[in-house]
Structure formats: C-alpha cells, structure tokens
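Close look at the chain arrangement
Each chain, written out:
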Amino acid sequence: MQEICVTENEAGQRLDKLLAKYLCKAPKNFYYKMLRKKNITLNEKKASGSEKLVQGDLVKLYLSDETIEKFSRKTFQAQAGRQEKLDILYEDENLLLLNKPVGMLSQKAKETDVSAVEHLIQYLLDTGQITEQNLKTFRPSVCSRLDRNTSGILAAGKSLAGLQEMSRFFKERTIGKYYLCLAYGKIEEARSIKGYLYKEETKNRVRICQDGHPDSVRIETDYRPLASGKDVTLLEVHLITGKTHQIRAHLAADGHPIIGDYKYGSRKINDMYQKEYGLKSQLLHAWRIEMPDSEGTLHYLSGKKFMALPPVIFQRICREKLSADYQKENRMLWQHGIHED
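Residues numbered from 1 in each chain as written. Predicted model: local features only at pLDDT ≥ 70, side-chain atom pairs only at ≥ 80, totals over all residues. Heavy atoms only, no water.

**Focus on the environment of Tyr223**
We apply this condition: Helix and strand definitions follow DSSP, with helices as H or I runs of at least four residues and strands as E runs of at least two, each counted in order from the N terminus. The rule is simple: take the accessible area with a 1.4 Å probe, protein chains only, and divide by the maximum for that residue type; under 20% is buried, over 50% is exposed, in between is partly exposed. Pairs of residues are marked as contacts when any of their non-hydrogen atoms sit within 4.5 Å. Here a polar contact is taken to be a pair of N or O atoms separated by no more than 3.5 Å, where protein atoms must pair a possible hydrogen donor with a possible acceptor and residues adjacent in sequence count only if both atoms sit in side chains.
Examined against the element boundaries, Tyr223 turns out to sit in strand 11 (residues 217-228). Under the relative-accessibility criterion, Tyr223 is labelled buried at 3%. The sequence separation of Tyr223 and Ser192 amounts to 31 residues, and the corresponding C-alpha distance is 6.5 Å. With residues up to four places along the chain from it excluded, the contact list for Tyr223 reads Ile187, Glu189, Ala190, Arg191, Ile193, Leu235, Glu236, Val237, Leu251, Asp254 and His256. A polar contact is formed between the side chain of Tyr223 and the side chain of Asp254, at a distance of 2.7 Å.

**Here's the deal with the pattern of salt bridges**
Where we set the bar: Salt-bridge detection follows one rule: a side-chain nitrogen of Lys or Arg within 4 Å of a carboxyl oxygen of Asp or Glu.
For the structure on display, the rule yields 17 salt bridges. Between Lys321 and Glu276 there is a salt bridge, with the nearest N and O atoms lying 3.5 Å from each other. In this pair, Lys321 is assigned in helix 8 (residues 312-321) and Glu276 in helix 7 (residues 267-277), connecting sequence segments 45 residues apart. Taking relative accessible area as the criterion, Lys321 reaches 27% and is therefore assigned partly exposed. Note that Glu290 and Arg288 form a salt bridge whose closest N and O atoms lie 3.0 Å from each other. Linked through salt bridges whose partners overlap, the residues forming this network are Arg224, Glu236, Arg288, Glu290 and Lys305.

**Concerning the pairing of strand 3 (residues 58-61)**
Here is the rule: At least two DSSP bridges between two strands are needed for those strands to be called paired.
Bridge count for strand 1 (residues 2-5) against strand 3 is 4 bridges, and the pairing is antiparallel. Paired with Glu3 across the bridge in strand 3 is Lys60. Bridge analysis of strand 2 (residues 40-42) against strand 3 gives 3 bridges, and the strand direction is antiparallel. Paired with Ile40 across the bridge in strand 3 is Leu61.

**Points about the environment of His238**
Along the chain, His238 turns up in strand 12 (residues 232-239). We classify His238 as partly exposed; its relative accessible area is 23%. Sequence-wise, His238 and Leu180 are 58 residues apart; in three dimensions their C-alpha atoms are separated by 9.1 Å. Setting aside residues up to four positions removed in sequence, His238 forms contacts with Lys177, Tyr178, Thr221 and Asp222.

**A look at the environment of Asn39**
With respect to the helices and strands, the residue Asn39 is situated in the loop between helix 2 (28-36) and strand 2. Separated by 19 residues in sequence, Asn39 and Leu58 have C-alpha atoms that sit 14 Å apart. Apart from the residues within four sequence positions on either side, Asn39 is in contact with Met34, Lys60, Leu61, Tyr62 and Leu63.

Shown next, in the form of structure tokens:
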C-alpha cells in the first residue's frame, strides 16, 4: 500500500488525472476498476475519479509494491560522477535561476543525455526539497532554452505554479531578455533588425530572409554597442522574439557574426580565436532578465532584474580586445545578483 498526500503541485486537478500521472503505464480502465473496488480511495472513501483535489487530500493505493512499480514511471536515475555544481543566481519555493555553462544542454535531445533538467532534479533531491515519489506526479523543469554552447541565465520552475507562470512570461514575451555577445566588425549605432527565419530541419540551422517563406516566422532583434576594439564590438542584444539560433543567424545576416560561431560565422576568424585563446564556442551569453509586473504566483518578483557573469574566457577576450571605453562599461557589465529599479 502507498499513500499520496496531495501537495500544492497536485492540487486543482481531478483525481483520475493524478492517477494517470502516478500510474502512467497503466491502462485507464485499470485505475477506474481499482476505484470501483475501493483499492484506491480518497480520504478513506470510495471515489469515482472525477473529484477535484485540494491540498492535504489523502489518496491511498491498496496495491502491491510490485503492481505500483510495474505501472509507474521509472524513478529518477542519478548520473554517477556527472552531477555538476549549479551556479544558482536566485532560488525560492517557486523558481530557480541558474547560470548555465557552455556545453550543458537545457533539455535532453536523446535518452542518454544529461541536461540542466537532470542536474536540477538531482540538486532538489540532494537538498531534500523533493522526493522520488513527488517526481511521479510533477517534475521541475526549465521554462526557457539556451543553445548548448550559449551560456547564461536559465529559468526553471520548482513548483507547478512557478513553472506555468514563468513559461507564460516567455511565451507572451513580457519578460525582458538581454544577451551579451562579441561580434565581428566595428558597430557604432544601435539598431533594430527585422526579418524572417526559416528553419532547415535536416541541417539543424536556420536561414534569414527579408520576404516571408511559407514556413518562416517573423523575427525582431535589437542591439546596441557597449564597447569596441579594432575589429570587434561588444553588443547588448535585446531579444524581442525568441526563435532557434535567432541572435546568431540574424547578426551574421546583418554582417556581424558572433566570434566563435562556426555555424554562422567566419571559419578564418574563429580559427584565429581558437588558436589564440582556445575558444571552442560562440561568445554569446544570456546575461540579464527583467521580470514583468504580475499579480500571479510570482508577483513578488515584479520589476526585478537578474544578472549572470559571463564565462571567464568571455571576460578575458573582452579585456584584451576592447578599447579603454570597455573599462568604464566593465564596472556596470559584470554585476551579479538581483537588481531593482
């Protein structure tokens, strides 16, 4: 016999929906049959499955451990020796913001991958914030994505309400998303560039065009120069729309590819940086987010700004390649933590 004490993350849904998650490999008629036979009860009473759950409800499964294990999702498998210490920028009961390093996937691409989601879940298990039983009905996850070789702020929902609201901010584009990148060429003026993005699925790359392709989506990217050197400029990029490889492809199409980006940039230039600094990824970093005003679950974060330090190699290249003006900007750029207007 096992018990499920309904938490805030499970509340608000029907009992049969909860059972469908907990016994995700069982056919529907199995748990309806168990409800009819009172092998599954709600608050010690017979239930139909249509009851709406509230926090504190007690669901009892008078089933053998073998049966429950047979019909349940596999328990979380820790990746021995592969857990990374997360660079946590901010954390509360609903939300966690981490500074994702270059090389870490945001989410799995295939079953054997270990992504930020797995590291997040392992961290929450290790700190006792969740249990493996909790994971049968709700799994914390990321609310946004970054390319594997793009570093910076990655948002994750620890509670269902936090995950839903933060995901809505990204979907509705009410959250401010700002990136730093080192781009080729000297850029002296801020620009707002628009166009259409077409994804070439078989090549895992995108194309930028000015006229709408039947399968393209409209994109908009704003950028402004912060400091420049002989042939590079440090840009702050405001991502208006957020599509696959948008910043990388859009800047390249505008004549200013990102240093280190072999997919959309110049191999000759990138080889120079690889030889001089050992650079193996694009210098693109999700460095700041600005929370929208909200009256929902995350209302207490309204108007707050969060910033993340770029990787050491990014900072080193900026120090060596940018002009003295950079030193002035540097005091503002490499800040860390929560900032309020």
